[in-house]
Amino acid sequence: MKKAVVVGVDGSPESLAAAGWAAREAVLRDLPLRIVHAWLWQPLDIPLVQNRDAEAQAARAVLREAEEQVSARYPELPVSSRVLPETAVVALLAEAERSALLCLGTRGHGALLGFLLGSYGQQVIAGANGPVVSVRAYDGEYPVRESGEVVVGQQGSPEESADVLGFAFEAASVRGVPLRAVRAWSLPPVYTWSASLALADAAGGLEPFERKELQEALAPWRDRFPGVQVIEHVEMGSAGQILVEESAEAQLMVVGRRARRAPIGTRIGSAAHAALHHARCPVAVVPHA
């Protein structure tokens, strides 16, 4: 049985934009679409202000709106929907476990919205065992594009970045567009005070080393996806800043993450954080191997 593309909706413009993007992705990958809405009945001590039937109907209405939107545009796409009787984080992490990818709506320069208000979005992205795609609303400033490159950030060894590159190559392949592979690098501390940087470059030092690392990571995926044109992009600087700059004309960005616990919650890494908040295209976050 094929895994589905899953999208979490809450009735907001952001989640409806995510549903539209997820539907197109399902068509491109020849997969079914599953639309979910997390709603858990939590009775209060003041029942007069609560109506379980009305809230349940509202939850189903959220699904109907999203389902009608995607079915009107993609009438042949197999679509299912379900209200998940669980809290948002628990429900979405479970969906991510059994899906090809999970898609969520987001507003740029801020936290994920709706039932992902506050830290929920980061919890889902940091805890998911599979790809999670963050999609902006159709707001004019960050339109969801159907043209342009797929951009992927590569870091670490070929083994560490295998899942990230695999997802990116497949995304570029089903779209028939080039893949821009970005490897950002910075100087080790010794070079911040040493005058030998020019000598190191002249001797074929740091930049050629980083380019070789990128080429080795890309090699097996180039063999697996020979039809994908690959553009190698090696640049010194902040990975987050460089990726955000490269997102200007991209239709999708793919970044990896290695979740780390912090005193105030779960961190997903500076590059992924920068891309999620500032990239001008949907961002797929894929856990490292």
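Everything numeric here is computed off the predicted structure, so don't read it as measured data.

With respect to helix α5 (residues 162-175)
Then step 1. Over its 14 residues, α5 extends 20 Å from the first C-alpha to the last, a length consistent with the 20 Å expected when each residue adds 1.5 Å.
Then step 2. The buried fraction of α5 amounts to 10 of the 14 residues, a majority that puts the element mostly inside the structure.
Then step 3. The set of residues buried in α5 consists of Ala162, Val164, Leu165, Gly166, Phe167, Ala168, Phe169, Ala171, Ala172 and Arg175.

As for the packing of helix α9 (residues 239-246) against helix α10 (residues 270-278)
Then step 1. Where α9 meets α10, the axes come as close as 8 Å, and the angle between the chain directions of the two elements is 30 degrees. For the pair α9 and α10, the sense of crossing is right-handed. Where α9 approaches α10, its residues Ala239, Gly240, Leu243 and Val244 are matched on the opposing element by Ala271, Ala274, Ala275 and His278.
Then step 2. Residue classes in the contact of α9 with α10 are distributed as six nonpolar, two polar and no charged.

Side note on the pairing of strand β2 (residues 33-38)
Then step 1. Burial within β2 is extensive, with six of its six residues counted as buried.
Then step 2. The alternating pattern of β2 places Leu33, Ile35 and His37 on one face and Arg34, Val36 and Ala38 on the opposite face, and all of these are buried.
Then step 3. With four bridges joining them, strand β1 (residues 5-8) and β2 adopt parallel strand pairing. If you follow valine 7 over to β2, its bridge partner there is isoleucine 35.
Then step 4. For the handedness criterion, the β-α-β arrangement of β1, helix α1 (residues 13-29) and β2 is classed as right-handed.
Then step 5. Across six bridges, β2 lies against strand β3 (residues 79-84) in parallel orientation. Each bridged residue has a counterpart across the sheet, and for arginine 34 the counterpart in β3 is serine 80.

Reading guide: rules and limits
- Residues numbered from 1 in each chain as written.
- Predicted model: local features only at pLDDT ≥ 70, side-chain atom pairs only at ≥ 80, totals over all residues.
- Heavy atoms only, no water.
- Helix = DSSP H or I, 4+ residues; strand = E, 2+ residues; numbered from the N terminus.
- Expected span 1.5 Å × (residues − 1).
- Buried < 20%, exposed > 50% of the residue type's maximum accessible area, 1.4 Å probe, protein only.
- Axes fitted to C-alpha atoms, helices over the stretch in contact; angles between N-to-C directions.
- Left-handed = near helix turned anticlockwise from the far one by under 90°.
- Contact = heavy atoms within 4.5 Å.
- Nonpolar A, V, L, I, M, F, W, Y, C, P; charged D, E, K, R; others polar.
- Pairing = 2+ DSSP bridges.
- Right-handed = clockwise from strand over helix to strand, strands pointing away.

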